[in-house]
Structure formats: C-alpha cells, structure tokens
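The chain contents come next:
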Amino acid sequence: MSSTTSRPEAAKPPMREALVAAAFQLFLERGYEQTTVDDIVALASVGRRSFFRYFPSKEDVVFPDHERCLADMTAFLAASEPDHEPVRRVCDAARLVMLMYAENPSFSVQRYRLTKRVPGLRAYELSVVWRYERALAAYLRDRFAGTPDGDLRADVIAAATVAAHNNALRSWLWSDGQGDAAEAVDHALGSVRTAFGAAPEPSADAPASAPAGTRAGVAPGLPLVTALPDEDDVVVVVSRRGAPLWRVVQEIETTLARK
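Now for a quick tour of the structure. (Residues numbered from 1 in each chain as written. Predicted model: local features only at pLDDT ≥ 70, side-chain atom pairs only at ≥ 80, totals over all residues. Heavy atoms only, no water.)

**Some points on the packing of helix H5 (residues 66–78) against helix H6 (residues 86–102)**
Stage number 1. In the contact formed by H5 and H6, the axes pass within 10 Å of each other and the chain directions differ by 155 degrees. By the angle between their axes, H5 is roughly antiparallel relative to H6. As H5 runs across H6, the sense of the crossing is right-handed. Between H5 and H6, the contacting residues are His66, Arg68, Cys69, Asp72, Met73, Phe76 and Leu77 on the first element and Arg89, Val90, Asp92, Ala93, Ala94, Leu96, Val97, Met100 and Tyr101 on the second. (Axes fitted to C-alpha atoms, helices over the stretch in contact; angles between N-to-C directions. Helix = DSSP H or I, 4+ residues; strand = E, 2+ residues; numbered from the N terminus. Parallel < 35°, antiparallel > 145°, perpendicular 65-115°, else oblique. Left-handed = near helix turned anticlockwise from the far one by under 90°. Contact = heavy atoms within 4.5 Å.)

**Observations regarding the side chain of serine 80**
Stage number 1. Inspection of the secondary structure assignment puts serine 80 in the loop between H5 and H6.
Stage number 2. By relative accessible area, which is 17% here, serine 80 ends up buried.
Stage number 3. A polar contact of 2.7 Å, which involves the side chain of serine 80, links it to the side chain of arginine 89.
Stage number 4. For serine 80, the residues in contact, after removing those within four places along its chain, are Arg89 and Tyr139. (Buried < 20%, exposed > 50% of the residue type's maximum accessible area, 1.4 Å probe, protein only. Polar contact = N/O pair within 3.5 Å; in protein donor to acceptor, adjacent residues only side chain to side chain.)

**A few points about the nonpolar core**
Stage number 1. Of all hydrophobic cores here, the largest spans 38 residues; its most connected members are Met73, Tyr132, Leu136 and Leu140.
Stage number 2. Looking at this core, the elements that each hand over two or more residues are H5, H6, helix H7 (105–117), helix H8 (119–143), helix H9 (150–174) and helix H10 (181–196).
Stage number 3. Excluding residues within four positions of it along the chain, leucine 136 makes contact with Met73, Leu77, Val90, Ala93, Ala158, Thr161 and Val162.
Stage number 4. If you look at the next biggest cluster of nonpolar residues, it comprises 22 residues, including Leu19, Ala23, Phe55 and Val62. (Core = buried A, V, L, I, M, F, W, Y, C linked by side-chain atoms within 4.5 Å.)

Below you can see the structure in the form of structure tokens.
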C-alpha cells in the first residue's frame, strides 16, 4: 500500500452544501435576481445537471432544508399515540421547524434578509409555510373526526400554531439570531396551548351553583375571559357550549393584548 494518500473525499464539502454556499455568496455579492444557475454551478465547480439533481429551481436553493423538515414533521405526527394531547402534539411538531433554523443561525439570518428583499422568495416561503400548516391541520382533523366543528377546530388551531411559531421566529431572526430561539418559540406556542389545549379537570371544591357559561354580571352565552394576575400566560375561559369558536378566540386575543 502506498504511503502517499489523497485527501479523503469525506473531507470535501458535500456537493449539496457547496451549491448552497456558492449560491448565497453570489446572492450577497450580486443580488438574487442577477445570479443565474450557471453562475452558481461555475462557482461551485459542478455541472448544471448536478445542480438540478438537488434543487428543482433557483428558489429551492434558498430553502434547502424545508423538504427534510416537512418530512420529519409528517413522520413525527404519524408516530403519535392516541393518548397524546393533540394541541401539545402539533406544538411539538412546530418546534422541529425552529430547530432547523437554529441549527445554523447565520445562514438563517442571511436567508431572512434575502427573502425580505425578493418578493418572489417571499411568495415561495409562504407556500412552504402553507404546507406546514396543512400537515398540522391534517393530523388535527383526524384527531377531531366525528366531533362538532372538528374540521374547523383543526384548521383554526393549525393556523394559530403556525402564526405563533412564526411570530417568535421572525423576532429572533430580526435580532440577527440573538437570544434563545427555543425559549421564544416555546413562549409563543404556550399561548396556543393555553387557548386551545385540553381544559384542566375541575376542582373538587369548585362552585357548581352557576349554570355553565354564566357568572355574576355576565350575560349567558357570552364568553368570559379572565387573565389571572399572579400567573404568567394563564387564561380562564368560561363560555356557553355552543358559542362560536371565533368569538372565544377573539375574547382571548383581546384579553392577552391588555396584559
């Protein structure tokens, strides 16, 4: 065996990562619209066929990990057990997206800045977000099947989960990836669990004299939402069983805005 050995292939950047790195270098130097696929493959020293083996389009190279993350989310939800609380489960699934962004904060911040400047990328990103939301909603629709307004609840909770996650994620990206992304997202998703999660069991000494959905000074059928002053992110909702879900959500949002 010769004592002279070549550099191991594993030491070279994988082709997929090399294409992403080349693309972003050119996007930052020239601008997204001014960069072509030919420019990217030339800088990465690969052929056009190699590019399209990994990325169907130039837009896809900006979001190289979303397909993997969507597959991971779908598998995570598919592995759910019947005793998993569904709202908590979709919140846990949404955290997978946060973890993907947090794997490489500098790249995530670069992508955020680029996406804000290019309308076409923003539209592409929205289509990706919609696919995440649909995956969450599909799981919830299955869990709520046969219940009143099951599909409606599923769609509302999925949309709220994505909105809460993205609000925290955007704040983290806007701060150039400073702070704890996981903590920010967990805090935001906590609001979703508070609003839509399973209600706690009633206390044994809870008063039972007032009819459901009523309390002194509150008209029957109208939701009552109270933020407890000594607890963080705790909201108590008292509502008539048949109250529209949108009305309950509206009252929760109004109450949280006052805190």
